[in-house]
4 protein chains.
Amino acid sequence: MTISRYFKTAVLGDGTPVPAPLVASVTRFVRFNEVDPLNVVWHGHYASYFEDARVAFGERYGLGYQAMYDPGFVTPVKQLQIDYEAPLRFNQECVITGSLFWSEAARLNFEYTVTDGEGRLTTRGYTVQLFLTLAGELVYARPDFYEAFRARWKNGLTGI
Amino acid sequence: MTISRYFKTAVLGDGTPVPAPLVASVTRFVRFNEVDPLNVVWHGHYASYFEDARVAFGERYGLGYQAMYDPGFVTPVKQLQIDYEAPLRFNQECVITGSLFWSEAARLNFEYTVTDGEGRLTTRGYTVQLFLTLAGELVYARPDFYEAFRARWKNGLTGI
Amino acid sequence: MTISRYFKTAVLGDGTPVPAPLVASVTRFVRFNEVDPLNVVWHGHYASYFEDARVAFGERYGLGYQAMYDPGFVTPVKQLQIDYEAPLRFNQECVITGSLFWSEAARLNFEYTVTDGEGRLTTRGYTVQLFLTLAGELVYARPDFYEAFRARWKNGLTGI
Amino acid sequence: MTISRYFKTAVLGDGTPVPAPLVASVTRFVRFNEVDPLNVVWHGHYASYFEDARVAFGERYGLGYQAMYDPGFVTPVKQLQIDYEAPLRFNQECVITGSLFWSEAARLNFEYTVTDGEGRLTTRGYTVQLFLTLAGELVYARPDFYEAFRARWKNGLTGI
């Protein structure tokens, strides 16, 4: 997933390619209360599946909810898209992978895939998150903590 | 529902009966994402149905979330019980009724019924809520705002 | 919302404009359990808000879950997009509007808006639904019941 | 938890003690969308936590949803009680334990505890489940598959 299906690939100011996306995965099983009368995961629940991947990402790379809240920022979802390829059923194992793609903007561009226990793609999508201050004001410039994170990313961050 | 199935009926200090319960109802329809593979409302969702009745109650009698938060209190649920009599299905109409029973303790004792569009009982239950300060400390004595509410209740409160 | 932000406007075979979208709305209030630690509706819940509009639409125009299930079809969501403009808070009133846009394909193209009690846009988005047989097979041609529905639409359907 | 807080201890027909409860546990982390504006897990979500334990139990002992569905039975929850002792917060680890207590009746009596990462009890409760045929008829006698399960239980079942 080095090339995003959803986000445009950018180049850095000096023309070099942007750093490869950072990736984290989590495995879970479909819960009974997530399954609808058609015996498949209700389509809206995938927003929480994607969030599971973001949480795993945050823990692996030090960019979790608290790591952003402490310096004074929250990152609400501005846009969500989900593409449904195949259903998941009760108690089915799945792997949710989130990949953060490099962006010059003050935003977090995550792409996701959900695969079943045999590795077949069932769902994919993306989210775009903005930075807000705790007072709820939109932040147009990249916050310092995010700049530091990007510097580590550029230098080959592989997890904390 | 003047006599509770769940709460003991008390008498006031002077031996007179306690004020009758205060009652509020709300009508809703079963949502698709609330229905499980057996084509009935998943049992856990009734906690939110009961909450719908509490919210309607709060609005009717001036005892809502904000009316308690403003003077510095929250009222988390300490105990929940749900008794399932009959299922509800997708898009079925139902009426959720919450009744606050008088208590001398610093707590809110709500009893609930859920009836279908024909008035048949489908679900019943109760919650017990405690008073906590915003700092999270348990409050053993009835807060002033609740005392004022009880005074109005005793005097025949019928809604605001 | 005659012109969609999301779907391309088509013309009929004879070059005339397609019928205007069919529209249905529903009013609801934000439930306590839909609100997240940031005191706003958790972003994933809007999928269910959109579904509320689809259900209202189905009832108004005779294209609900059962009306499609009876002749042998279900219409799972193939793609969902949500654009978040402003937050909604606990107990806030909102109006969810779903508009079905004409399509020549065997699919349902719904666009949604969510506005708050003052009419301000808070959220918008769309879904694309496919037709599947009850056995789960994708249907490429428009089913008969849907053809009949489109004929009524062309002739000025305004609800049943 | 050999002695239940909720269920009466019975003796077998010959006066010997009933078999000890069967126990299964599952570890999970609190998800962001489960947390309410008070920064704690919304009280209704514990019904799904208990269900997680039942699923783990079903897998360990061969008494899962499918193992009961295949011979023609479902086991809807007839009664649920939850006692809240302490809150859980976002991303907090917890262990959910479900214990099936012996009963002579055609029902499943599960008791649950939820403990946090340090082993402190946060929540407890129970469910009572009945046996229904797939046609929805209440079953008063213990089904054969359940009798076989009980025989294994009596003989020291420790998981499959």
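Residues numbered from 1 in each chain as written. Chains lettered and ligands numbered in written order. Predicted model: local features only at pLDDT ≥ 70, side-chain atom pairs only at ≥ 80, totals over all residues. Heavy atoms only, no water.

Our next topic: the packing of aromatic side chains. Throughout the structure, instances matching the rule amount to 76 aromatic pairs over all chains. Arranged with centres 5.8 Å apart and planes meeting at 80 degrees, the rings of A:Phe90 and D:Tyr65 form a pair that is edge-to-face. Here D:Tyr65 lies in helix 2 (residues 65-69) and A:Phe90 lies in the loop between strand 3 (77-84) and strand 4 (93-101), a pairing that spans two chains. Relative to A:Trp153, the ring of A:Trp102 has its centre 4.9 Å away and its plane inclined at 65 degrees; by these criteria the two rings are edge-to-face. Of this pair, A:Trp102 sits in the loop between strand 4 and strand 5 (107-116) while A:Trp153 sits in helix 3 (residues 144-154), placing them 51 residues apart in sequence. (Phe/Tyr/Trp six-rings, centres within 6.5 Å; stacked < 30°, edge-to-face > 60°. Helix = DSSP H or I, 4+ residues; strand = E, 2+ residues; numbered from the N terminus.)

Evaluation of the coordinates by the stated rule reveals 48 salt bridges over all chains. Between C:Glu51 and C:Arg54 there is a salt bridge, and its shortest N-O distance comes to 3.1 Å. Of the two residues, C:Glu51 and C:Arg54 are both situated in helix 1 (residues 46-61); the distance of three residues between them amounts to about one turn of the helix. Comparing C:Glu51 with C:Arg54 shows no difference in burial state: the two are buried. Three or more residues joined by partner-sharing salt bridges are found here, namely A:Arg28, A:Glu34, A:Asp52 and D:Arg31. (Salt bridge = Lys/Arg side-chain N within 4 Å of Asp/Glu carboxyl O. Buried < 20%, exposed > 50% of the residue type's maximum accessible area, 1.4 Å probe, protein only.)

Contact residues are listed per partner, giving 21 residues for chain B and 21 residues for chain D. Each partner contributes to the roughly 1800 Å² buried at the junction of chain B and chain D, and carbon and sulfur atoms together form 53% of this total. Connecting chain B to chain D are two salt bridges. Its salt-bridge partner being B:Lys78, residue D:Glu85 comes within 3.3 Å of it at the nearest N-O pair. Elements that contribute at least two residues to the side of chain B that touches chain D include exactly helix 1 (46-61) and strand 3 (77-84) of chain B. (Contact = heavy atoms within 4.5 Å. Buried area = accessible area lost by both parts, 1.4 Å probe.)

On to the relation of the copies chain D and chain C. Between chain D and chain C, the superposition needs a rotation of 180 degrees and an axial shift of 0.0 Å, giving an RMSD of 0.0 Å. Seen this way, the second copy is the image of the first under a two-fold rotation axis. Here 100% of the contact residues of chain D are again contact residues in chain C; the copies associate through an equivalent surface. (Least-squares fit on C-alpha atoms with pLDDT ≥ 70 in both.)

Turning our eyes to something else, we now look at the confidence of the model for chain A. Across chain A, the average pLDDT comes to 94, with 99% of residues at or above 70. The ipTM assigned to the predicted complex is 0.96, against a pTM of 0.96. (pLDDT = per-residue confidence, 0-100.)

Turning next to empty space enclosed by the protein. Counted by the stated rule, this structure contains two cavities of 30 Å³ or more. By volume, the largest cavity is sized at about 540 Å³. Taken together, 28 residues form the lining of the largest cavity, with A:His45, B:His45, C:His45, D:Asn33 and D:His45 sitting closest to its centre. Its residues assigned to classes, the lining of the largest cavity shows four nonpolar, 16 polar and eight charged. When its volume is computed, the second largest cavity comes out at roughly 40 Å³. Surrounding the second largest cavity, C:Asn33, C:Glu34, C:Val35, C:Asp36, C:Trp42, C:His45, D:Asn33, D:Glu34, D:Val35, D:Asp36, D:Trp42 and D:His45 form its lining. Across the lining of the second largest cavity, the residue classes tally to four nonpolar, four polar and four charged. (1 Å grid on protein atoms, 1.4 Å probe; cavity = no way out; pocket = protein on both sides within 12 Å on 5 of 7 lines; lining within 4 Å. Points joined across faces, edges and corners; volume = space filled by probe spheres on them. Nonpolar A, V, L, I, M, F, W, Y, C, P; charged D, E, K, R; others polar.)

Moving on, we come to the environment of C:Ala141. All names here are of chain C. With respect to the helices, strands and loops of the structure, alanine 141 is situated in the loop between strand 7 (132-133) and helix 3 (144-154). For alanine 141, a relative accessible area of 53% translates into the label exposed. Taking the C-alpha atoms as reference points, alanine 141 and alanine 106, 35 residues apart in sequence, are found 5.7 Å from one another.

A few words on unusual backbone geometry. What is expected of a backbone is that most residues other than glycine have negative phi and most peptide bonds are trans. One non-glycine residue, B:Asn91, lies in positive phi territory at about 70 degrees. In this structure, B:Asn91 sits in the loop between strand 3 and strand 4 (93-101).

The interface is formed by seven residues belonging to chain D together with seven residues belonging to chain C. Between chain D and chain C, roughly 820 Å² of surface is buried when both sides are summed, and carbon and sulfur atoms account for 71% of that area. Ranking the residues of chain D by area buried against chain C places D:Phe32, D:Asn33 and D:Pro37 at the top, with a combined share of 61%. Our count for the chain D to chain C interface comes out at zero salt bridges.

So, on to the sheet that holds strand 5 (residues 107-116) of chain D. Read across the open sheet, the 10 strands follow the order 1(B)-4(B)-5(B)-6(B)-3(B)-3(D)-6(D)-5(D)-4(D)-1(D); overall the sheet is antiparallel. A strand with exactly one partner marks an edge of an open sheet, and here the two such strands are strand 1 (22-29) of chain B together with strand 1 (22-29) of chain D. This sheet shows a mean twist of 15 degrees between the axes of neighbouring strands, independent of strand direction. Bridging between strand 5 of chain D and strand 6 (residues 121-130) of chain D involves nine bridges; their strand directions are antiparallel. Bridged to D:Arg107 within strand 6 of chain D is D:Leu130. (Pairing = 2+ DSSP bridges. Axes fitted to C-alpha atoms, helices over the stretch in contact; angles between N-to-C directions.)

Once that is clear, we can look at the sheet that holds strand 4 of chain A. Sheet architecture is open: 10 strands sit in the order 1(A)-4(A)-5(A)-6(A)-3(A)-3(C)-6(C)-5(C)-4(C)-1(C), paired in antiparallel fashion. The outermost strands of the open sheet, each flanked by one partner alone, are strand 1 (22-29) of chain A together with strand 1 (22-29) of chain C. With direction set aside, neighbouring strand axes in the sheet form an average angle of 15 degrees. Sitting on the sheet, helix 1 (residues 46-61) of chain A is in contact with strand 1, strand 3, strand 4, strand 5 and strand 6 (121-130) of chain A, with an inclination near 125 degrees to strand 1 of chain A. Strands in contact with helix 1 of chain C are strand 1, strand 3 (77-84), strand 4 (93-101), strand 5 (107-116) and strand 6 (121-130) of chain C; relative to strand 1 of chain C, the strand with the most contacts, it is inclined by about 125 degrees.

A few words now on the relation of the copies chain B and chain D. Once chain B is rotated about the relating axis by 180 degrees and shifted along it by 0.0 Å, it coincides with chain D to within an RMSD of 0.0 Å. When the interface residues of chain B are mapped onto chain D, 100% of them again fall at the interface, so both copies present the same face.

Okay, helix 1 of chain C next. The terminal C-alpha atoms of helix 1 of chain C lie 22 Å apart, and with 16 residues this matches the ideal 22 Å at 1.5 Å per residue to within 8%. Trailing helix 1 of chain C by a residue or two, C:Gly62 shows a phi angle of about 70 degrees, which is positive. (Expected span 1.5 Å × (residues − 1).)

Before going further, it helps to examine the side chain of B:Asn33. Position of B:Asn33 among the secondary structure elements: in the loop between strand 1 and helix 1. A relative accessible area of 15% means that B:Asn33 is categorised as buried. When residues no more than four places from it in sequence are discounted, the contact partners of B:Asn33 are A:Trp42, B:His45, C:Ser48 and C:Glu51.

Quick look at the state of the cysteines now. Here a disulfide denotes one covalent bond, and it connects the sulfur atoms of two cysteines. The final tally for this structure, using the stated rule, is zero disulfides over all chains. Unpaired in terms of disulfides, A:Cys94 finds its nearest cysteine sulfur in D:Cys94, a separation of 19 Å. (Disulfide = S-S within 2.5 Å.)

All names here are of chain C. Most of strand 4 sits out of view: seven of its nine residues are buried. When strand 1 meets strand 4, the two strands line up antiparallel, connected through eight bridges. Within the sheet, the bridge partner assigned to leucine 22 lies in strand 4 and is leucine 100. As paired strands, strand 4 and strand 5 are joined by eight bridges and run antiparallel to one another. Within strand 5, the position partnered with isoleucine 96 by the bridge is valine 114.

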